[in-house]
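The primary structure of each chain is shown beneath.
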Amino acid sequence: MTVVGEILATGDELVHGAMLDTNSKLLAAELEHLGVAVQRFTVTGDAPGPMRAAIAEACQRADVVVATGGLGPTLDDRMRDVVAEIQGGPLWFDEASWQQVQGWLRQRGRPVPDSNRRQAQFPPGAEPIANPVGTAPGFAARIGRARFFALPGPPREVQAMLAASVLPAVRALPGLQPVAQSWLRVLGPSEAALGERIAPFMDPGRNPAVGITASGGLLTVRVVAAAATHAAAAAACEATAAELRPLLGDWLFAEGAVDLPALVLQRLRDRRQTLAVAESCTGGLVAKSLTDVAGSSDVFLGGVVAYSNASKTALLGVPAALVAEHGAVSEPVAAAMALGGRERFGADVAVATTGVAGPGGGTAHKPVGLVCFARADGTGARAWTVRIPDLGRTFVRDRALFEVWRALLGR
């Protein structure tokens, strides 16, 4: 029997677009790893009616439901009240949870408003879930067919409570079917061309299931298998991956769930090379993506954001005459930027970006989306130009970033 899961995110800030729900991704990945088949995400605001309906319906469809948000001390934090209505009884007060809330605040020298007492109230039949990193306890309850878990909204608190309380409880449920995954990372073909090549593996209901995810020009073939044990599921994934590899050929450049910046850093590390960047239109996005990876300092030496023409000359040594002759968005200037970045940081390799990200600034000769790149090493600099579709400033920058990764991976 398949154990079905659903995830519910609550909060007006989510439905109004002020914040992005990032908890559901983590919850789904962790539940799926245990063998819960997550089949639906739901996002609802703080209004009691829609929240009540979302909880009740999810608990009719699923065996495990994990909800986030609505457990704060203010009157718009309504999770506990809504679940109490569903359960048909009043909230009850848990002294141990109240002591925990007070202790957390006092240890940090904060006052203890009486409104925080709300966080120690729970629906009928609920079991409190301790929060080791915040003031909001969660709770677990049986609603309909589901084991229902309510967690606060802050991701740091969700992560801690998930690991300490929710996953151990889910792991004890009967009927779990462990899941394993493999990722084959592909560069080169269009999504349609890749889909045609591996079409026989993508039939609905196949186990292992095979699908394609496209993100910023990178394609990932995801293989997901379910079996009686995690080892058996992993073996099934590998058997399918072994069949796929010959079909992917030179398109296959890496395996695993590692992101492109980490792959680039590892590739440079394997080559014993250091890296510097010289950025204009990407505005530091390349450097940020690299430094987001822990341990990047052994490879990445630094970068320069030279946005104006004058800064390209002052910071990277690009001759002003070169900019005047060819324009800032040109292959000669990109090459000079890469050479300047490599020299100033003493790096083995440097990459440069200069382009028109939009929405304004484009001309008939150099339209929005035109980006020039360069890669410099001990043999000199090579520059090239890419015309990225004008689908907005963020899209142009993201695709420019992807082109940098392609260059550093030797693609």
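Our subject is the structure that appears above.
I will try to describe carefully the structure that is included in this document. (Residues numbered from 1 in each chain as written. Predicted model: local features only at pLDDT ≥ 70, side-chain atom pairs only at ≥ 80, totals over all residues. Heavy atoms only, no water.)

Another aspect to go through is the nonpolar core. Within the largest apolar cluster, 33 residues are counted, with the highest numbers of intra-cluster contacts made by F253, L260, L275, V277, L290, W405 and L408. Of the residues forming this core, the biggest block, eight residues, is contributed by helix α14 (residues 393-408). For L275, the contacting residues outside a window of four places in its chain are L268, L290, V299, F300, L301, G302, A347, V349, A350, V351 and L408. With 23 residues, the next largest nonpolar core counts L8, C59, A67 and A141 among its residues. (Core = buried A, V, L, I, M, F, W, Y, C linked by side-chain atoms within 4.5 Å. Buried < 20%, exposed > 50% of the residue type's maximum accessible area, 1.4 Å probe, protein only. Helix = DSSP H or I, 4+ residues; strand = E, 2+ residues; numbered from the N terminus. Contact = heavy atoms within 4.5 Å.)

Two elements in contact, helix α3 (residues 48-61) and helix α4 (residues 79-87), have axes whose closest approach is 10 Å; the angle formed by their N-to-C orientations is 60°. One finds that α3 runs oblique with respect to α4. The interaxial crossing formed by α3 with α4 has right-handed handedness. Facing α3, whose interface residues are P48, M51, R52, I55 and A56, α4 presents M79, V82, V83, E85 and I86. The class makeup of the residues in the contact of α3 with α4 is eight nonpolar, no polar and two charged. (Axes fitted to C-alpha atoms, helices over the stretch in contact; angles between N-to-C directions. Parallel < 35°, antiparallel > 145°, perpendicular 65-115°, else oblique. Left-handed = near helix turned anticlockwise from the far one by under 90°. Nonpolar A, V, L, I, M, F, W, Y, C, P; charged D, E, K, R; others polar.)

Before going further, it helps to examine the sheet that holds strand β1 (residues 3-10). Taken in spatial order, the six strands line up as β2-β1-β3-β8-β7-β6 in an open sheet, and their pairing is mixed. Looking along the sheet, the strands with just one partner apiece sit at the ends: β2 (36-44) and β6 (127-129). Recorded for the sheet is a direction-independent mean angle of 20° between the axes of neighbouring strands. The pairing of β1 with β2 spans eight bridges and is classified as parallel. Residue pairing across strands places I7 opposite F41, the latter belonging to β2. Sitting on the sheet, α4 is in contact with β1, β3 (64-68), β7 (138-143) and β8 (146-151), with an inclination near 20° to β7. (Pairing = 2+ DSSP bridges.)

Close approach of charged atoms allows side chains with opposite charge to pair. Evaluation of the coordinates by the stated rule reveals 12 salt bridges. Where E32 meets R222, a salt bridge forms, and the shortest distance between an N and an O atom there is 3.0 Å. Placement of E32 in helix α2 (residues 23-34) and of R222 in strand β11 (residues 218-226) is noted, with a sequence separation of 190 residues between them. The closest approach of N and O atoms between E403 and R406, which form a salt bridge, is 3.8 Å. Remark: R406 and E403 occur in helix α14; sequence separation between them is three residues, near one turn of the helix. On the accessibility criterion, E403 (16% relative accessible area) is buried. Residue R406 is classed as partly exposed on the basis of its relative accessible area of 24%. Here the residues in one salt-bridge network are E238, R245 and E255, joined through shared partners. (Salt bridge = Lys/Arg side-chain N within 4 Å of Asp/Glu carboxyl O.)

So far we have only geometry, and geometry alone does not tell us how the molecule works.
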